[in-house]
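Read off the chains here:
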Amino acid sequence: MNLGIRRKLRKWLLQGSNVYCPCCNKHAATFLPFGKQVRFNALCPFCGSLERHRLLWLFLFSREKKLINNGAKLLHVAPERVFFKKFRREKQIEYFPVDKFTPGHHYPRGTQEMDILNISYQDNFFDSILCSHVLEHVDNDMQAMKELYRVLKPAGWAILQSPIDYSKPDTFEDSSITAPEEREKYFGQYDHVRFYGRDYPQRLMQAGFKVESIDFGNTFSNEEHKQFGLDRNDGIIYFCTK
Ligand SMILES: [Zn+2]
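Residues numbered from 1 in each chain as written. Predicted model: local features only at pLDDT ≥ 70, side-chain atom pairs only at ≥ 80, totals over all residues. Heavy atoms only, no water.

### Some thoughts on the domain arrangement of the protein chain
The assigned domain composition of the protein chain is domain 1 (1-47) and domain 2 (50-241). Here domain 1 and domain 2 have C-alpha centroids that lie 25 Å from each other. Opposite the 15 residues of domain 1 that make contact, domain 2 presents 13 residues. Here domain 1 is connected to domain 2 by 2 salt bridges. In this structure, lysine 36 and glutamate 184 form a salt bridge, with 3.4 Å as the shortest nitrogen-oxygen distance. For the interface between domain 1 and domain 2, the tally reads 6 residue pairs in polar contact (both at pLDDT 80 or more). Elements with a minimum of two residues in the side of domain 1 that touches domain 2: strand S1 (19-21) and strand S4 (39-43). (Domains from an automatic or database assignment. Contact = heavy atoms within 4.5 Å. Salt bridge = Lys/Arg side-chain N within 4 Å of Asp/Glu carboxyl O. Polar contact = N/O pair within 3.5 Å; in protein donor to acceptor, adjacent residues only side chain to side chain. Helix = DSSP H or I, 4+ residues; strand = E, 2+ residues; numbered from the N terminus.)

### Focus: helix H2 (residues 51-61)
The buried fraction of H2 is high, at 10 of 11 residues. For H2, the set of buried residues is Glu51, His53, Arg54, Leu55, Leu56, Trp57, Leu58, Phe59, Leu60 and Phe61. (Buried < 20%, exposed > 50% of the residue type's maximum accessible area, 1.4 Å probe, protein only.)

### Section: the state of the cysteines
Within this structure, the stated rule accounts for 0 disulfides. Between cysteine 131, a free cysteine, and cysteine 240, which holds the nearest cysteine sulfur, the sulfur-to-sulfur gap is 9.9 Å. (Disulfide = S-S within 2.5 Å.)

### Quick look at the pairing of strand S8 (residues 126-132)
Of all the 7 residues making up S8, 6 are buried; the element is thus mostly covered by neighbouring parts of the structure. Sheet analysis places strand S5 (residues 73-77) next to S8, joined by 4 bridges and oriented parallel. Bridged to histidine 76 within S8 is leucine 130. Both S8 and strand S9 (residues 152-161) contribute to a ladder of 6 bridges, which runs parallel. When the bridges of S9 are listed, isoleucine 129 appears paired with alanine 158. Read from S8 through helix H4 (residues 141-151) to S9, the crossover connection turns out right-handed. (Pairing = 2+ DSSP bridges. Right-handed = clockwise from strand over helix to strand, strands pointing away.)

Written out as structure tokens, the structure reads:
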């Protein structure tokens, strides 16, 4: 997009106040369309947050409850920029952003290279874990879940989000599907290795977690869904404890 158009768009977006992004604390006329199958009112024009980031943000920091407590050791797998910036500023928590570095991906500076199949921390180390839209990329997701379980403190919690096809009871995976275009067709994205179904929480339980499927999206009115730019079909938070 050329600079003149971009400036005009920004000015127009800023004049409106129909939507509000909790991640960057800004109002706008609308969120922008996003995705191959285009979703409207999805992308924050200022911080780049999507529906799922705003939902998680509201869950973590909203209203009466603040889940990230002072002194907490927080493991953040594949840190989203909007969260990364916030957590780095919080001097009261010990923040551990980690990612498996792959070519072509850019991680926030300060992220530690780590494979979640082999987490280099002792058992029962972290108070909280955030891992969103990662497991669907991992061949051996059970091993990854078990590792996350291992490093979580007995009194801690983990929020483990993945894309889910709620129309299907069972997860679909097939290791013979490896071509990017085939993966896109069957798993929803070129680098996904499965599409989770409604059995997703059972899989987390198999790894040892207690799982509470919290229908947090449903606690918002239709107006609030529009205002915060949330996705009606993706409102469940998988809140896991040990
Ligand atoms: Zn924003």
